[in-house]
Amino acid sequence: MVIGITCYPVAGGSGIVATELGLQLAQRGHQVHFITYAMPFRLDEYQTNLMYHGVETTAYPLFKFPPYTLTLSAKMAEVSRNFKLDILHMHYAIPHATCAYLAREMLKAGGDHLPKIITTLHGTDITLVGSDPSYYDITKFSILSSDGLTAVSKYLADETAEVFKVDKEIRVIHNSFDEKRFVPGSCVDRRREFAGPDEYLIVHVSNFRPVKRTLDVLSIFEKISSVLPARLVLVGEGPETVLSRRQVKKRQLSDKVTFLGNQTRVEAVLQCADLFLMPSEEESFGLAALEALACGVPVIGTSNTGLSEVVSDGENGFLLSVGDTSAMANEGIALLKDSIRLKEFKEAAASLAIRRFSAKKIVTEYEQFYQEILHG
Ligand code: GMT
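Only a predicted model underlies this, so the values are computations on that prediction, with no experimental measurement involved.

Caption draft 1: Up close: the packing of helix H2 (residues 68–83) against helix H3 (residues 96–109). H3 packs onto H2 with a crossing angle of 50 degrees between their chain directions and a minimal axis gap of 8 Å. The pairing of H2 with H3 is recorded here as oblique in orientation. Read as a crossing pair, H2 and H3 show a hand that is right-handed. Note on element contacts: H3 touches H2 through His96, Cys99, Ala100, Leu102, Ala103, Met106 and Leu107, opposite Thr69, Leu70, Leu72, Ser73, Ala74, Met76, Ala77, Ser80 and Arg81. Its residues placed into classes, the contact of H2 with H3 shows eleven nonpolar, four polar and one charged.

Set out below in structure tokens:
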């Protein structure tokens, strides 16, 4: 198949999912065309069958907001015309699904070959952005105009159906991980960079948006480290990084907390960790949690979110109510103190991840969905 992919190229779950999918599809012999305004975050090495098409948006004094969506739509139509795309796969509904609709209308007007449009819903495009009244109608229109819809969890599919009153099928295709990269590792030397031999290593990875509740991460860690020797490594950056840094100082945790910023090879840190924290307010799936599990790291996260499709409560982690940092810390302390149970959780983390979410399995689900949309 010839597949065009558009995503947000910055560090963030939807861009990572789109990039990993594109890489895997190209490895399976499909021709993949990325159409974005910058090289996607994890597209850091050459891959046969994979091409990148940059989208330029010219600034002009009259434009208060340069019309990126128009140049993106035009580029999608151009790439589709030149390479005869079978599929235009949009990651994140806004504005990508709308742009794909516009591109298809342009192709229709020119009598060109028409690609099928598939939109994958990732979470905040629906739960936060899509339900903002000013985006509601255009998001609903764009979702309904797509030939195929997928969501990264049942939780998100149900939420979308309810919020947007969508009665067409939303296929659930979970996030996946690259099983060659995200594997348990001993990493004795690297671990020394972050923690002493008798200290537990706790990790959090996110884009530091308010929805991630980074201050809860600090509260959980503060409680754990008041009982057990522990260090915290924070990976990623975003709107709440400055606030988090200030809080670390205020709580006198500076000698126990390391901010690493964005990392393209996050597995290097995950493989050294004993526990991963994801106390998000909302989480449609929780890709960072899956990558931690795949590296054999138990996860403490929030219940009533998509994390319940990723973490098996009491088997490879714990899911607790949003904001209940005491319960999260207590579960963390009990698990870290019990070395036999901790080992069992670590083993279950890696084995359940590979069984349920390997790229091999999930990419096949996307391929099958593409075929159904093309021929169904
Ligand atoms: O986590 C974020 O806020 C980034 C966001 C994105 O779209 O880049 O992530 C969303 O998509 C990921 C990939 O499908 C999911 O694993 C995340 O759970 C989801 N984030 C939220 O729902 C908050």
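Caption draft 2: Representation of the pattern of salt bridges. One pass over the structure, following the stated rule, counts 25 salt bridges. Notably, a salt bridge pairs Arg28 with Glu367, separated by 2.7 Å at the nearest N-O pair. With Arg28 in the loop between helix H1 (13–27) and strand S2 (31–36) and Glu367 in helix H14 (residues 359–375), this residue pair connects regions lying 339 residues apart in the sequence. Using a relative accessible area of 32% as the deciding quantity, one classes Arg28 as partly exposed. Since its relative accessible area comes to 18%, Glu367 is described here as buried.

Caption draft 3: Unusual backbone geometry, seen in detail. Residue Ile94 is joined to Pro95 through a cis peptide bond whose omega torsion reads -10 degrees. Turning to its location among the elements, Pro95 is positioned in the loop between strand S4 (87–91) and H3. Look at Lys84: it is not a glycine, yet its phi comes out positive at around 55 degrees. In this fold, Lys84 is placed in the loop between H2 and S4. Residue classification places Lys84 among the exposed residues on the basis of a relative accessible area of 52%. With a phi close to 55 degrees, Asn304 is a non-glycine residue in the positive phi region. Of note, Asn304 is situated in the loop between strand S12 (299–302) and strand S13 (317–320).

Caption draft 4: Looking closely at the side chain of Asp125. If you trace the backbone, Asp125 turns up in helix H4 (residues 124–130). Despite being buried, Asp125 has no salt bridge partner; Arg209 is the closest side chain of opposite charge, sitting 8.7 Å away. Among the polar contacts listed, one links the side chain of Asp125 to the backbone nitrogen of His122, at a separation of 3.3 Å.

Caption draft 5: Summary view of the sheet that holds strand S11 (residues 275–278). Read across the open sheet, the six strands follow the order S10-S9-S8-S11-S12-S13; overall the sheet is parallel. One side of each edge strand has no neighbouring strand; the edge strands of this open sheet are strand S10 (257–261) and S13. Averaged over all neighbouring strand pairs, the angle between strand axes comes to 20 degrees, with direction disregarded. Inspection of the sheet shows strand S8 (residues 200–205) paired to strand S9 (residues 230–235) by six bridges, in the parallel sense. Across the sheet, the residue bridging to Val205 is Val235, located in S9.

Caption draft 6: Just the packing of aromatic side chains, in detail. For the structure on display, the rule yields seven aromatic pairs. Ring geometry for Tyr37 against Tyr68: centres 5.5 Å apart, planes inclined by 85 degrees, an arrangement best described as edge-to-face. Taken together, the residues Tyr37 in the loop between S2 and strand S3 (50–54) and Tyr68 in helix H2 connect sequence positions 31 residues apart. A relative accessible area of 38% places Tyr37 in the partly exposed class. Given the relative accessible area of 18%, Tyr68 is considered buried. Taking 5.5 Å as the distance between ring centres and 90 degrees as the angle between the ring planes, the aromatic pair formed by Phe285 and Phe357 counts as edge-to-face. With Phe285 in the loop between S11 and helix H11 (287–294) and Phe357 in helix H13 (residues 339–357), this residue pair connects regions lying 72 residues apart in the sequence. Classification of Phe285 as buried rests on a relative accessible area of 1%. The positively charged end of Arg245 is found above the aromatic ring belonging to Phe259, 4.4 Å away from the centroid.

Calculation notes
- Residues numbered from 1 in each chain as written.
- Predicted model: local features only at pLDDT ≥ 70, side-chain atom pairs only at ≥ 80, totals over all residues.
- Heavy atoms only, no water.
- Axes fitted to C-alpha atoms, helices over the stretch in contact; angles between N-to-C directions.
- Helix = DSSP H or I, 4+ residues; strand = E, 2+ residues; numbered from the N terminus.
- Parallel < 35°, antiparallel > 145°, perpendicular 65-115°, else oblique.
- Left-handed = near helix turned anticlockwise from the far one by under 90°.
- Contact = heavy atoms within 4.5 Å.
- Nonpolar A, V, L, I, M, F, W, Y, C, P; charged D, E, K, R; others polar.
- Salt bridge = Lys/Arg side-chain N within 4 Å of Asp/Glu carboxyl O.
- Buried < 20%, exposed > 50% of the residue type's maximum accessible area, 1.4 Å probe, protein only.
- Lys, Arg positive; Asp, Glu negative; His and termini not counted.
- Polar contact = N/O pair within 3.5 Å; in protein donor to acceptor, adjacent residues only side chain to side chain.
- Pairing = 2+ DSSP bridges.
- Phe/Tyr/Trp six-rings, centres within 6.5 Å; stacked < 30°, edge-to-face > 60°.
- Lys NZ or Arg CZ within 6 Å of the ring centre and 35° of its normal.

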